[in-house]
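So the chains spell out like this:
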Amino acid sequence: RSRRPHELSGGQQQRVALARALAREPALMLLDEPFSALDTGLRSSTRKAVAQLLAEAGVTTLLVTHDQEEALSIADQVAVMRDGRFTKVGTPQQVYFTPGDEFTARFLGDCVLLPGTITSRVADCSLGRVPVRDGAADGPATLVLRPEQLVATTVSDGDHGAGVGTVLSSEFRGHDVLLVVDVGGGEPITVRQHGLDPPTVDAKVRVDVVGTAATLDERP
């Protein structure tokens, strides 16, 4: 109460602006890149506070953002737009795990695209036999996996077969680690897993899939 507007932090100014807008009891609010000017830590805390306030107020809100994490974490429904058209509309989980096309898949984060052949909801690919989501037709297809769906486990030099390859690089990120693994049969794949005692560079590993794969021709 004793501070002037220019003395408030960026996050506090955002909260004040939101409170002033809500005081008019709007039926719809438009937020256009509301957190872009804030640093990473402040952006996260402010985003959570704003999301909670809007939920409590029960106001329908349209949020425009280029921050994929922001959109996925705050929204009940997400729409990805390209060249003036929506490429995918759905819940955050739907658009992230079943993007439908390559642009949407890559726009929403790191992804692994693998050629394969589907028979009865199971695809044969360079990682072996991988279950696919409902709606995928039999025949050749491009599989879509997120790096966190893959787990690399160190194996002996004598192990061979689908999904066995060599770690080309390792990028430690604290909580997790990004591994680039060459399993043959195409481009190296990216694995994101827990950063505790990961396989080392040049280690031989087996890459296993957690969950199911989507396909690029899949429809919501």
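Reading the values: rules and limits
Residues numbered from 1 in each chain as written. Predicted model: local features only at pLDDT ≥ 70, side-chain atom pairs only at ≥ 80, totals over all residues. Heavy atoms only, no water. Salt bridge = Lys/Arg side-chain N within 4 Å of Asp/Glu carboxyl O. Buried < 20%, exposed > 50% of the residue type's maximum accessible area, 1.4 Å probe, protein only. Pairing = 2+ DSSP bridges. Helix = DSSP H or I, 4+ residues; strand = E, 2+ residues; numbered from the N terminus. Axes fitted to C-alpha atoms, helices over the stretch in contact; angles between N-to-C directions. Phe/Tyr/Trp six-rings, centres within 6.5 Å; stacked < 30°, edge-to-face > 60°. Lys NZ or Arg CZ within 6 Å of the ring centre and 35° of its normal. Core = buried A, V, L, I, M, F, W, Y, C linked by side-chain atoms within 4.5 Å. Contact = heavy atoms within 4.5 Å. Expected span 1.5 Å × (residues − 1). Arc of directions from axis to C-beta.

Visitor: Explain the pattern of salt bridges to me, using residue names and the numbers behind them.
Guide: Scanning all chains against the criterion turns up eight salt bridges. The closest approach of N and O atoms between Arg-206 and Asp-208, which form a salt bridge, is 3.1 Å. Among the residues examined, Arg-206 registers a relative accessible area of 33% and is labelled partly exposed. A single network of salt bridges, built from pairs that share partners, joins Asp-110, Glu-148 and Arg-192.

Visitor: Tell me about the sheet that holds strand β8 (residues 139-145), and name the residues and values.
Guide: In space, the five strands of this open sheet follow the order β7-β6-β5-β8-β14, with antiparallel pairing throughout. Both outer strands of the open sheet, β7 (128-131) and β14 (214-215), are each paired with one neighbouring strand and no more.

Visitor: So what's going on with the sheet that holds strand β11 (residues 176-182)? Which residues, and what values?
Guide: Strand order across the open sheet formed by five strands is β9-β13-β10-β11-β12, with antiparallel pairing between neighbours. The open sheet has two edge strands with one neighbour each: β9 (150-154) and β12 (189-194). With direction set aside, neighbouring strand axes in the sheet form an average angle of 45°. Strand direction decides the pairing type here: β11 and β12, joined by six bridges, are antiparallel. In the sheet register, Val-180 faces β12, and the bridge partner there is Thr-190.

Visitor: Describe the packing of aromatic side chains, and please don't skip the residues or the numbers.
Guide: Scanning the entire structure with this criterion turns up two aromatic pairs. With a centroid separation of 4.9 Å and 80° between ring planes, the pair formed by Tyr-96 and Phe-97 is classed as edge-to-face. With a centroid separation of 5.7 Å and 20° between ring planes, the pair formed by Phe-103 and Phe-107 is classed as stacked. Of this pair, Phe-103 and Phe-107 both sit in helix α5 (residues 102-107), separated by four residues, roughly a single helical turn. On the accessibility criterion, Phe-107 (30% relative accessible area) is partly exposed. The aromatic ring of Tyr-96 is capped on one face by Arg-146, whose charged end is 4.2 Å from the ring centroid.

Visitor: An account of the nonpolar core is needed here, citing residue identities and associated values.
Guide: In terms of nonpolar packing, the biggest core is built from 25 residues, with Leu-127, Val-181, Ile-189 and Val-207 touching the most fellow members. Going through the elements one at a time, β5 (112-119), β6 (122-125), β8, β9, β11, β12 and β13 (204-209) are the ones with two or more residues in this core. Setting aside chain neighbours within four positions, we find Leu-127 in contact with Leu-114, Leu-145, Leu-150, Ala-162, Gly-163, Val-183, Ile-189, Val-207 and Val-209. Counting residues in each nonpolar core, the second largest holds nine residues, with Met-29, Leu-38, Val-50 and Leu-54 among its members.

Visitor: An account of the environment of Ala-79 is needed here, citing residue identities and associated values.
Guide: Structurally, Ala-79 is set in strand β3 (residues 78-82). For Ala-79, a relative accessible area of 41% translates into the label partly exposed. Between the C-alpha atom of Ala-79 and that of Pro-26, which follows or precedes it by 53 residues, the distance is 22 Å. If sequence neighbours within four positions are ignored, Ala-79 has contacts with Phe-86, Lys-88 and Val-89.

Visitor: Tell me about the pairing of strand β4 (residues 85-90), and please be specific about residues and values.
Guide: The sheet contact formed by β3 and β4 spans five bridges and is antiparallel. Across the sheet, residue Ala-79 finds its bridge partner in β4, namely Val-89. Between β3 and the antiparallel strand that follows it, β4, lie two residues; Asp-83 among them carries a positive phi value of about 50°.

Visitor: Any chance you could break down helix α2 (residues 40-57) for me, citing the residues and the numbers?
Guide: With 18 residues, α2 extends 26 Å between its outermost C-alpha atoms, agreeing within 8% with the 26 Å of an ideal straight helix rising 1.5 Å per residue. Of the residues making up α2, those classed as buried are Arg-43, Thr-46, Arg-47, Val-50 and Leu-54. An end-on view of α2 places all buried positions within 110° of arc, on one side of the element. More than 90 degrees from the buried face of α2, the exposed residues found are Gly-41, Lys-48, Ala-55 and Glu-56. A positive backbone phi angle near 70° is found at Gly-58, which sits one or two residues after α2.

Read these as geometric descriptors, not functional statements.
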